[in-house]
Structure formats: C-alpha cells, structure tokens
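Residue-level structure breakdown
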Amino acid sequence: MPQLGETVTEGTILRWAKQVGDAIAEDEVLVEISTDKVDTEVPSPASGTVLEILVNEGDTVSVGTPMVVIGEAGESATPTAAAEPSPVEAPAVESQAAPPAEPVPAPVTAGPGQAVVAPEPAGEKDEAVETFFAEPDETEKKPHLLSPVVRKLIRENEIDVSQLSGTGEGGRITRKDVEAFLESGPPAAVPAPAPPPAAVVTEPAPVTGEPATAPVTTEPGTTPVAPVGEEVDLSRVRVRTAENMIKAKATAAHVWTSVEVDYEPVERVRQAHKEEFKAAEGFSLTYLPFISRAVIDALREYPVVNSSFNLEEKKATFHKKLDLGIAVDLDQGGLVVARIRNADGLRLVGIARQIRELAEGARSGALGVDDLTGSTFTITNPGPFGSFMSAPIINVPNVAILSTDTVTKRATVITTPDGQDMIAIRHIGYLGLTWDHRAFDGSTAVLFLQRIKHNLETWDWEQELA
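I will try to describe carefully the structure that is included in this document.

Conventions adopted
Residues numbered from 1 in each chain as written. Predicted model: local features only at pLDDT ≥ 70, side-chain atom pairs only at ≥ 80, totals over all residues. Heavy atoms only, no water. Core = buried A, V, L, I, M, F, W, Y, C linked by side-chain atoms within 4.5 Å. Buried < 20%, exposed > 50% of the residue type's maximum accessible area, 1.4 Å probe, protein only. Helix = DSSP H or I, 4+ residues; strand = E, 2+ residues; numbered from the N terminus. Contact = heavy atoms within 4.5 Å. Salt bridge = Lys/Arg side-chain N within 4 Å of Asp/Glu carboxyl O.

All right, on to the nonpolar core then. Counting 77 residues, the largest nonpolar core has Phe377, Leu402, Leu431, Ile452 and Leu456 as the members making the most contacts within it. Sort the elements by how many residues they give to this core and helix α5 (residues 287-301) lands first, with nine residues. Those residues in contact with Leu431, other than ones at most four positions away along the chain, are Thr257, Ser258, Val259, Val261, Tyr263, Ile291, Leu402, Ser403, Thr404, Leu449, Ile452 and Leu456. Counting residues in each nonpolar core, the second largest holds nine residues, with Val150, Ile154, Leu164 and Ile173 among its members.

In structure tokens:
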C-alpha cells in the first residue's frame, strides 16, 4: 500500500484493474484505492505478470502492506518457506494460564525477478484491525481479523460474527462476505406461534366529497406505518463527507461570528477590468480572489487563526506556511477542499488562476490526495448560489473556516469625505467565520474579520491587478 498523501495511513481496495495472469507494464493502472479524502488510481511500479493478489477488493490495509506480487510469466508466487525454529518449552505456570498468542501473518517473499508492491517500508502492526472471537462452545475459539470497513458493517447491522464465513485469504471475512450475509439473511429461526388475526380498521369516507382512503390493516394495539421512500446507496464521497463532518462537530468547539462588508471598491475594479481579464485568462474575475487576498493578509496579522489545535497533546501548531483551502462543490455530488500551496506568496491574479485550476481539477477527478489535504485555513463560497449568511463546519484540523456569501445591491448609510451621512446604493455582502473556541476567543475572531473587512473596503485593488 503506497503512501498516497502526507496524512494518509491506510486505504481501501476498490478495484483491481489487473487479475492474476494478466500482463502489466510499468506505470499502467494496477489498482484503484479509496482513502478518506479521494479515490485514486495507482500505477504499477514494475512490468511483468500479476502472479498473486494479496489483498481483496473491499479490504482496508495500512501503508506499507504488500498488496500484489509481480514477476515473470510462469513463475510461482508462493513465498519461500522460512525455516521454522525448534520449539522451546515454556516453563509451567501453576496459577495463571498463558494468554493466547496473537496470529502472526505469513512472510511475503518475492522470488527472483518478482516485485512485491509495497513502495513504502512496512510499518508497525495495523492497530485498526481487531481480532474477534466466535465461541461455538467453551473449548474452541476461532479468530477473525477484520478490517475497519468490515468491522463497521458488523457493528451497524448488529451481526453475530460467528454466523459469518470468510472467503478471504486464510478464511478472513471480507466486506463481500458481510454484504452476502445481509442479502441472504440470517439462518432461519424456529417459527413463532401464529399471531391472532389482524383487525381490519376501515376509515369512514369523508363528508366533503373527497375520495375515501384505502382500508388500513393494523395489528391490535399498533399504529399504521406509512410506506418508506426509495432507498439509494450513498456514494463514497457522501459517506466520507458525512464521517468527516461528524468528526469535526465532535472535535471542535464551534462558534460563529459575522461582519457586513461594503464591496463597492472591489466591484468598481471588477467592472473596470472584467472584459480585459476574461480575454486574457479565459474565465471571469469573481469576488473570491479579492477575499482570498484580503484573508491572507489578515492571517499574517493573526497567526493563531492559521494554526492547528491538539488538546490531547496540549499543543497548538502555528504554521509557518499558509496553504489556503478552497471548498469545491462537485456539481452537488459532494464537497472537497482543494489546497493552494504557499498562498501567501501569490498576488490577486495568481490566486484567481489557482482557484480556477483546482476547481476544474476537482470536478474532473484529476487532483491527487496531496491536492485535497494539508490546508491550514479554509474558505467556502456559497455566495454564487444565493446564500445570505452561512455557518459552515470547520475543516479540522484547521481552527476556523470563512464563508463568503452573496454580494448584492442594498441601501446603506455611508459617510462622505466631508463627514456627512447619506443613504447610498452599494454592493453589500456578509462574511461568516466559524471558529474553534478551544484555539482562541471571540475578540480574536472579531478582530480577524474586521481586518478582512478593512482590506476589502480600503485597499487599492487597481495595483493588485497591475
């Protein structure tokens, strides 16, 4: 299992592009792997023939785990048997029985000319894999090594693991085994005595002339249940999003603060340069690059907002670099956060280009794991959809996320250069900051937002486009 990203520790095998006996060239797609952030196709590190597949589809394994053996056609993929050490008798213990030994996986040894696909050195034992014991009787125990995916399915469906039969290597229970069990159902139980005949309750026809409803049949003492709607399988992106959102809400102490921004200076520059910019760059100049540029400056002034918080270790990490995360909507099919590396070294046009490229790459599936992880501060932009004020969930381990909502014309009070107050039509919008109260307090959150507001309303944006 290769290291697919800086923070990725395991992956789930979605699909093998090659099967045992198939020829494969170096860099040809070998397997598709799912992580908690993205699905990615992994190329083969060597040319040859697939001799053995060591990890089944649906299994989740840690980085460094051997997955497949590639060698010359006709070679045996059977690992070379290691010499077994002579048994050594352990001293007898009168008062305490020795604990059962943990199962030791067989060594994976490639023969001459073979390549074992494990680009990274094998790490320590995967702590996410647990051993379950089914007890048919008091004298026999059968171990089952379960991946996190399989373990989750068993928990969610309240399955007795002793009823499952494993088809994986060494009798290991795989996701397909659990799904097959759920489809076929548990072993038939002894039929219970037949219940008394159901009482038929027929509702009288309404007096308003409306058609009468169909009779409702219920068991005595029960309430009629309306038919359920259509059930659909969740996409992997939706499942990952749900898991990450629950984790974020359970981890960070969410608080929301907002400010009103007068975008009139930004709007005038946009209108003056929109045609020239689109002709040169091929896309429109939106508010988001302006906001991002203002945010980068504010993060320099308030570095705690660009930090990570770890309560268990009682430490906060103040990041030396600023990797700006931009939330990208996958055409209503999910949401990912794309990372602009070293955003503090970019000017307005460079930021606009990066946002455009990352959005297109995310929607086409062209981004890698490192493009979708590692941000230090995140911006989400529901404004184009017409939002008024939004309170997004923090993209942990970030300690804050900024929401940029719709900018529209509104009547507001302004002060003229000579000190007179007057009502004017201006382009007004709101910025909402969801922040982690464990990392900093409300004064910092408000001052950070006020710095962004000040930048947007007072900077010379003409020179930023020069």
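So, on to the environment of Ile154. Positionally, Ile154 belongs in helix α1 (residues 148-157). We classify Ile154 as buried; its relative accessible area is 6%. Separated by ten residues in sequence, Ile154 and Leu164 place their C-alpha atoms 9.9 Å apart.

Glancing now at the environment of Thr434. Among the secondary structure elements, Thr434 is positioned in strand β21 (residues 421-436). Note on Thr434: relative accessible area 3%, which makes it buried. In sequence terms Thr434 and Ala391 are 43 residues apart; their C-alpha atoms lie 6.1 Å from each other. Not counting residues up to four positions away in its chain, the partners in contact with Thr434 are His254, Val255, Trp256, Ala391, Pro392, Ile394, Val399, Ala400 and Ile401.

With that out of the way, let us pick up the pattern of salt bridges. Applying the stated criterion across every chain yields a total of 16 salt bridges. Measuring nitrogen to oxygen at the nearest pair gives 3.9 Å for the salt bridge that ties Glu41 to Arg15. Separated by 26 residues along the polypeptide, Glu41 in strand β4 (residues 39-43) and Arg15 in strand β1 (residues 10-16) bring together distant segments of the chain. For Glu41, a relative accessible area of 48% translates into the label partly exposed. We classify Arg15 as partly exposed; its relative accessible area is 34%. The salt bridge involving Glu281 is made with Arg353; its shortest N-O contact spans 2.9 Å. Of this pair, Glu281 sits in helix α4 (residues 264-281) while Arg353 sits in helix α6 (residues 348-364), and the two are 72 residues apart along the sequence. Arg353 gets classed as partly exposed once you look at its relative accessible area, which sits at 39%. Salt bridges sharing partners connect three or more residues here, namely Arg15, Glu32 and Glu41.

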